[in-house]
Amino acid sequence: LKNKIALWDMCQACFREGSLDSNISEETPNDIKSFVKKHPQIKVIAFNGKESARLFAKHFGSLKGIKLLALPSTSPANASISWNIKVSEWSKLRADL
């Protein structure tokens, strides 16, 4: 609360064989629209990886007045992007806090 950051999984439930987010299927999204409605001070939704952003777009498209920011996954499986680049990309959130 102090830092004005909330963490919430995109999926309430899903099927996933293995640990890769790209294997997610049969997903039931969390009710993000209701969450945003209850918390109108939310201005930005950042996604931890492309797959999370893709699932959001699939289920919700966009939300009026909310900036959507797809950031590189922090997963060790995302080794193609260096830690320094990940930090640099995630640091973009500071401008919205």
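Residues numbered from 1 in each chain as written. Predicted model: local features only at pLDDT ≥ 70, side-chain atom pairs only at ≥ 80, totals over all residues. Heavy atoms only, no water.

## Structural notes on the overall build of the protein
Reasoning step 1: Within the protein one finds three helices and four strands.
Reasoning step 2: Since a compact globule built from 97 residues should have a radius of gyration of about 13 Å, the 14 Å found for the protein is in line with a globular shape.
Reasoning step 3: Taking the principal axes of its C-alpha atoms as reference, the protein extends roughly 35 × 35 × 25 Å.
Reasoning step 4: A buried classification covers 27% of the 97 residues belonging to the protein. (Helix = DSSP H or I, 4+ residues; strand = E, 2+ residues; numbered from the N terminus. Rg over C-alpha atoms; globule rule 2.2 N^0.38 Å. Buried < 20%, exposed > 50% of the residue type's maximum accessible area, 1.4 Å probe, protein only.)

## Details of the nonpolar core
Reasoning step 1: Core analysis: the biggest nonpolar cluster contains 14 residues, and M10, I32, V36, I45, F56, L63 and I66 have the highest contact counts within it.
Reasoning step 2: Those elements that provide at least two residues to this core are α1 (32-38), β3 (44-48) and α2 (50-60).
Reasoning step 3: Of all the elements, α2 adds the most residues to this core, at four residues.
Reasoning step 4: Ignoring sequence-local partners within four residues, the contact set of F56 consists of M10, I32, I45, F47, G61, L63 and L68. (Core = buried A, V, L, I, M, F, W, Y, C linked by side-chain atoms within 4.5 Å. Contact = heavy atoms within 4.5 Å.)

## A few points about α2
Reasoning step 1: Of all the positions in α2, only E51, S52, A53, L55, F56 and F60 are classed as buried.
Reasoning step 2: Turning to α2, the residues buried within the fold contact β1 (11-16), β2 (24-29), α1, β3 and β4 (67-71).

## So, unusual backbone geometry
Reasoning step 1: Its identity is not glycine, yet E26 carries a phi of approximately 50°, on the positive side.
Reasoning step 2: Tracing the chain through its elements places E26 in strand β2.

## Some remarks on the pairing of β3
The side chains of a regular strand alternate between the sheet's two faces.
Reasoning step 1: The alternating pattern of β3 places I45 and F47 on a buried face and V44, A46 and N48 on a face that is not buried.
Reasoning step 2: Here β3 runs beside β4; their pairing, made up of five bridges, is parallel. Looking at β4, one finds that A46 is bridged to L69. (Pairing = 2+ DSSP bridges.)

## Considerations on the side chain of N78
Reasoning step 1: Turning to its location among the elements, N78 is positioned in the loop between β4 and α3 (83-90).
Reasoning step 2: Residue N78 is classed as buried on the basis of its relative accessible area, which comes to 16%.
Reasoning step 3: N78 has contacts with P72, S73 and K86, leaving out every residue within four places of it along the chain.

## With respect to the pattern of salt bridges
Reasoning step 1: Per the stated rule, a full pass over the model turns up four salt bridges.
Reasoning step 2: Of the charged contacts, one joins D96 and K67 as a salt bridge, the two residues approaching to 3.2 Å between their closest N and O atoms. Residue D96 is located in the segment after α3, and its partner K67 is located in strand β4; the two are separated by 29 residues in the primary sequence.
Reasoning step 3: Since its relative accessible area comes to 29%, D96 is described here as partly exposed.
Reasoning step 4: Between E89 and K92 there is a salt bridge, with the nearest N and O atoms lying 3.0 Å from each other. (Salt bridge = Lys/Arg side-chain N within 4 Å of Asp/Glu carboxyl O.)

All we've got here are geometric facts, nothing functional implied.
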